[in-house]
Amino acid sequence: LIPPGLELAQYPYNAHPGHAVGWLGRIAPEKGLEDVFALSARTGITVMAFGLVQQPTYWDRLVKSYPNAVVRYGGFLTMPALAAAVREFRALLMTPKWLEAFGIVGIEALACGTPVIAYQRGGVSEYVRNGETGWLAPPDDLDGLCAAVEQIDAIDRAHCRALVETHYTVAHYGAALADWLRALTTGASA
């Protein structure tokens, strides 16, 4: 595994976020946005959702099915507007219904100091450390997801940024790639 690397200057750290939590991804059923609507309806927490609306009927169905949810759609953002939005979240929610290979949006959030609350499914387990950089809930466990949101202020946002600084920068990516290539050319196992 060669983890991705971010150019940290593109992800400004924020120690003092706003009140809303965020969600990033394609607006499609496999991304599990219905759990975000259910969480908002249950807890009253405002969620800002950003991403490409691949299935408008899915979004419309969620809005109608959860009239008490406070989920606002903010559009599809590119950098640097995306980082500016993410740094204001109290946390980033990741709710995939399928096995996400890594989930780069989680690393982008951590780079801004934004903790991640996610289902323990796929690569997100590589960088979300319970109580340190966020919380992992069992897959599809809405109760666990809601409980994690209630604990988000216990996370030190500086720990989130530090994890990215020590494992997920462009320099770390380059070194891992160079090591892998060196191992390939020398016949050694990486």
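## Remarks on the state of the cysteines
- Summed over all chains, the structure comprises zero disulfides.
- Free of any disulfide, C112 has its nearest cysteine sulfur in C160, 10 Å distant.

## Quick notes on helix α5 (residues 142–150)
- Those residues of α5 that fall on the buried side of the exposure criterion are L142, G144, L145, C146, A148 and V149.
- In this fold, the buried residues of α5 make contact with α1 (33–43), β4 (92–94), β5 (116–119) and β6 (134–137).
- Regarding α5, its N-cap is D141, as a side-chain oxygen of that residue lies 3.2 Å from the backbone nitrogen of D143 further along.

## A few points about the pairing of strand β1 (residues 21–24)
- Burial along β1 is two-sided: the residues V21 and W23 and G22 and L24 are all buried.
- The pairing of β1 with strand β2 (residues 46–50) spans four bridges and is classified as parallel. The residue bridging L24 from the neighbouring strand is F50, located in β2.
- A crossover links β1 with its parallel partner β2, the connecting element being α1, and its sense is right-handed.
- The sheet contact formed by β1 and β4 spans two bridges and is parallel. Counted as the bridge partner of W23 is L93 from β4.

## Focus: the side chain of R90
- Relative to the assigned elements, R90 resides in the loop between α3 (81–86) and β4.
- Within the local environment of R90, its side chain forms a polar contact with the side chain of D153, the two groups lying 3.3 Å apart.
- With near-sequence residues (within four places) excluded, R90 lies in contact with P17, G18, H19, A20, V21, T114, P115, V149, I152, D153 and R157.

## Thoughts on the sheet that holds strand β3 (residues 70–73)
- Ordered by their spatial adjacency, six strands build an open sheet running β3-β2-β1-β4-β5-β6, and the pairing between neighbours is parallel. In this open sheet, the two strands that pair with only one neighbour each are β3 and β6. Strand after strand, the sheet turns through a mean of 25° between neighbouring axes, direction not considered.
- Looking at chain direction, β5 and β6 are connected through four bridges and run parallel. Directly across from A118, in β6, lies its bridge partner L136.
- Together, β1, β2, β3, β4 and β5 form the strand contacts of α1, whose direction differs from that of β3 by roughly 135°.
- Each of β4, β5 and β6 is contacted by α5, which is oriented at about 170° to β5, the strand it contacts most.

## A word on the pattern of salt bridges
- Following the criterion strictly, the structure yields ten salt bridges and no others.
- Across the pair D35 and K97 runs a salt bridge, and its minimum N-O distance is 2.6 Å. With D35 in helix α1 and K97 in the loop between β4 and α4 (104–111), this pair connects stretches of sequence that are 62 residues apart.
- Between D143 and R42 there is a salt bridge, and its shortest N-O distance comes to 2.5 Å. With a gap of 101 residues between them, D143 in helix α5 and R42 in helix α1 connect regions that are remote in the sequence.
- Under the relative-accessibility criterion, R42 is labelled partly exposed at 47%.
- The network of salt bridges with shared partners includes D35, K97, R121 and D140.

What counts, and at which threshold
Residues numbered from 1 in each chain as written. Predicted model: local features only at pLDDT ≥ 70, side-chain atom pairs only at ≥ 80, totals over all residues. Heavy atoms only, no water. Disulfide = S-S within 2.5 Å. Buried < 20%, exposed > 50% of the residue type's maximum accessible area, 1.4 Å probe, protein only. Helix = DSSP H or I, 4+ residues; strand = E, 2+ residues; numbered from the N terminus. Contact = heavy atoms within 4.5 Å. Polar contact = N/O pair within 3.5 Å; in protein donor to acceptor, adjacent residues only side chain to side chain. Pairing = 2+ DSSP bridges. Right-handed = clockwise from strand over helix to strand, strands pointing away. Axes fitted to C-alpha atoms, helices over the stretch in contact; angles between N-to-C directions. Salt bridge = Lys/Arg side-chain N within 4 Å of Asp/Glu carboxyl O.

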